[in-house]
Amino acid sequence: MTMIRFNAVMLMKGRWTPMQSALSGQPLLLSLAFVVIILVVVAVVFVVLRLRRPSVEAIDPTTLDASTTLEDTLDFDALVAQDQPDFEADGYPSLAFDADGDEYPSIAPDEEPEGWRERFARLPLTSRLLLILAPLLMLLGLFGLLLLLPTADEPELIIVEPTPIPVTLLVQSASVARADPLTVTIAGASIGLPDGTVVRAEMFEDDFPFSWFDTELATARVRNNRLEFQIPRAADAPQPVETRQYTVRLFGPDDEVASVPAELIVPSIAGIADSFFDRPVAQVPTPTPTATPTATPFPEPELGVPTEDPVPGGPATATPTVDGPIGEGTPPPMPTLALTTVPPTAVPQPIQPTLVRPTALPPPTALPQPTPTDDPSVVAPTTPPLPPVDPVPPPTATPAPRPTLPPPPTVPPPPPADVLSGDIRWSRDQGPLRIERDVQIAPGSELIIEPGVEVQLAPGVAIFVDGGRLLALGQPDQPVRFVSATGERWNGIFVRPNSFVVLEHAEVRGAGLGGTLLASERSELIVRSTRFTDNGGAILLNDTRLEMRDSEVTGNDMPFGPALEATYGRGNFITLTNNRFGGNRLSEGAPQVRISNRSTFETLNLTVEGNLIRGGAPNLQLTTNGPLQGTVGCNALVGDAQGFGLRTQTPQVNPNGVPPMALRIENNLIDEHLPPIIPVYLRYGLGRGATSEILLDMRNNWWGEASGPYEPETNPLGRGDSVGNNIIYAPWLTAPPSCLPPQ
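This write-up is about the structure you can find in this document.

## A closer look at the packing of aromatic side chains
Right, on to step 1. Counted according to the given criterion, the structure contains nine aromatic pairs.
Right, on to step 2. Measuring from centroid to centroid gives 5.5 Å for W212 and F276, while their planes differ by 50°, and the two rings are tilted. With W212 in the loop between strand 6 (208-210) and strand 7 (219-221) and F276 in helix 9 (residues 273-277), this residue pair connects regions lying 64 residues apart in the sequence. Across this residue pair, the class does not change: W212 and F276 are buried.
Right, on to step 3. Ring geometry for Y246 versus F276: centroids 6.0 Å apart, planes at 90°, classification edge-to-face. Taken together, the residues span a long stretch of sequence, with Y246 in strand 9 (residues 246-251) and F276 in helix 9 at a distance of 30 residues.
Right, on to step 4. An aromatic cluster of at least three residues, connected via ring pairs, comprises F210, W212, F213, Y246, F276 and F277.

What follows is the structure, encoded as structure tokens:
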């Protein structure tokens, strides 16, 4: 009974709310509970009346004479009222009648039970069972009623119920990445799916299934909540129609969860859109340059204007035109390529002194004479100027007429360039390819560099991708190498709008003559397993969709700004995974990697995971005027003055006090930074771990010590790298996460 009372008390306190919520709203159970309670009450009343029934005294038959009749002796009304007459004499049992007239054996007056125990012992078996089961049935009915009644003591427990994490799939990007073979690249994210879960991708045409994917390769496994697909076209795939809309969706196990449709991007450049939609491609007669200059010399400079001789075999310094990010120092923007058919093959010798000399001869001719005379001796002083004037006609007559003159007469014309049109391949069989002049990949053209090719570029030479495609497709044992032909710096790779560049298993060395080794504007850049080293410039991106994986940017000399600077004004996607940045000589106060969102409305989607970023102030910097979303996780931010920083020029505050950015920054290592010149920081070696100009969630990161990051007010005993006022850091990791890259 004590246990029953305890359970009843716990039930009243609302401790069994899960069962209550499970049975609430069941009218059938409520009706059954009421019926059980009514039956129990009736049974208990019946038994109690049965136990309290009085007995009547027995009639002695020896006291009756022959004239006495049964009607005179027995008062049946009294017997019925007493409900217990009995007859017992000389061994004859007396009769007793109950209220219904039924007879049963009577009990002698001295044997009448006096207590409840004796009465219970004399009850029939069915009555005893009923007495035992009655309380249990009553408690069962009360239990059902209590489950159906709302609890008032702790109603919040009903609300705070464990809810499963909703499983979500998201397509972050989907585009046709290759023309031969046709391949679709999909980047996705998942929530609530464990690592190793198989997710499949499917293409749709106007919201109807479109069997274009190779089904055997249209699956991927979840890894750190990320999904990556490289899906080629199926052998029997239908032909897409250019007027239809094509989307991609992701499906979880058994198709229980699916992503919203995402548009499939087909780059509008030849080789991809043409192959995808099976357009007819105009044939180019020959892949040779459109203009082949051979012997036309430079235009002559104007008289009296001193000029500098151009460098034979190489262009002049690039002219900045990129509207991109400006880092620390004065960054040189993207060079401007002006195509011309004039090669630097015949450079005229400077003849300015002989041309200017006649202007200095008038003084001798103006010598006054005492009197005018025709004496020939007087005219003699005028004869010396004639010899220097005689050589003038030959140099003016030797150059051929020029079709065009450069716009600024004081600046020599830009260097010539070889224009590559059509689909061109550079193979290893051609040996090392030596590039003496700038190369331009014309709009709609494609240059494929096969594995093992070494491209040697002369000093100052650049590669321009002008609306075309550059695919450097190396292999792990046969990389594509871009190197200097002489050991002096070549210019770089410059990608203009609407271009597509892939550097896979490549090496870029010796570039950056003007301070930039690779610049891209409003294009798409994919870098995989590529090494940038021994260069004199940085990587600058402007509104360029970037995917950079398993690559290395080390041992470079950056005259300005960070090693990698990506700036966006229209919202975009940037993926940095398993890369190494470090060992670069940076300008004072420049970060190692900086990602900027200049738009106040467009969202910039980030995936920065598994990178080792060493050096810079800070190692990783985000600057934004608008929303950022994505993940920054499993990175090692070590060394130099600061680990992580977020800056903004636009105040961003949520009204409920929640960080305004949908940005997950977790499982990072932030350590080994230099302490500022403040006594407490110097005493304990507390470096600057992270700062932010807006409220930022950075929970579950490793700050170098199990005591957590140092914060003067909220965690003064922390001995890890310090955090700023706007950083939400608790709880923190007490050991380095296992997903960090090797250091």
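After that view of the structure, there is still more to cover.
## Considering the pattern of salt bridges
Right, on to step 1. One pass over the structure, following the stated rule, counts 24 salt bridges.
Right, on to step 2. The residue R481 makes a salt bridge to E507 at a minimum N-O spacing of 3.4 Å. Placement of R481 in strand 19 (residues 480-484) and of E507 in strand 22 (residues 506-509) is noted, with a sequence separation of 26 residues between them.
Right, on to step 3. A residue is classified by how much of its surface remains accessible, and R481, at 25% relative accessible area, is partly exposed.
Right, on to step 4. A relative accessible area of 13% places E507 in the buried class.
Right, on to step 5. Between R594 and E565 there is a salt bridge, and its shortest N-O distance comes to 3.0 Å. Remark: E565 occurs in strand 29 (residues 564-568) and R594 occurs in strand 32 (residues 593-597); sequence separation between them is 29 residues.
Right, on to step 6. Using a relative accessible area of 3% as the deciding quantity, one classes E565 as buried.
Right, on to step 7. One continuous salt-bridge network, built from bridges that share partners, spans E228, R528, E547 and R549.

## Side note on the pairing of strand 9
The two faces of a sheet get side chains in turn, since along a regular strand they alternate between them.
Right, on to step 1. A large share of strand 9 lies buried, amounting to five of its six residues.
Right, on to step 2. Across six bridges, strand 5 (residues 198-205) lies against strand 9 in antiparallel orientation. Bridge assignment links F204 to a residue of strand 9, and that residue is T247.
Right, on to step 3. As paired elements, strand 9 and strand 10 (residues 262-263) share two bridges and run antiparallel to each other.

## Thoughts on the sheet that holds strand 37 (residues 636-638)
Right, on to step 1. Pairing within the open sheet is parallel, and its 10 strands lie in the order 13-16-19-22-25-28-31-34-37-40. Edge positions in the open sheet fall to strand 13 (433-435) and strand 40 (669-671), since each of these has one partner strand only. With direction set aside, neighbouring strand axes in the sheet form an average angle of 10°.
Right, on to step 2. Bridge count between strand 37 and strand 40: three bridges; the pairing is parallel. Residue pairing for strand 40: L637 is matched across the bridge by I670.

## Description of the nonpolar core
Right, on to step 1. Counting 74 residues, the largest nonpolar core has F482, F532 and F644 as its most contacted members.
Right, on to step 2. Take this core: its biggest share by element is four residues, from strand 26 (residues 538-542).
Right, on to step 3. Setting aside residues up to four positions removed in sequence, F482 forms contacts with I449, V455, L457, I463, A472, W490, L503, E507, V508 and R509.
Right, on to step 4. Counting 33 residues, the second-largest nonpolar core is a separate cluster that includes V184, M203, A234 and A237.

Criteria and thresholds
Residues numbered from 1 in each chain as written. Predicted model: local features only at pLDDT ≥ 70, side-chain atom pairs only at ≥ 80, totals over all residues. Heavy atoms only, no water. Phe/Tyr/Trp six-rings, centres within 6.5 Å; stacked < 30°, edge-to-face > 60°. Helix = DSSP H or I, 4+ residues; strand = E, 2+ residues; numbered from the N terminus. Buried < 20%, exposed > 50% of the residue type's maximum accessible area, 1.4 Å probe, protein only. Salt bridge = Lys/Arg side-chain N within 4 Å of Asp/Glu carboxyl O. Pairing = 2+ DSSP bridges. Axes fitted to C-alpha atoms, helices over the stretch in contact; angles between N-to-C directions. Core = buried A, V, L, I, M, F, W, Y, C linked by side-chain atoms within 4.5 Å. Contact = heavy atoms within 4.5 Å.

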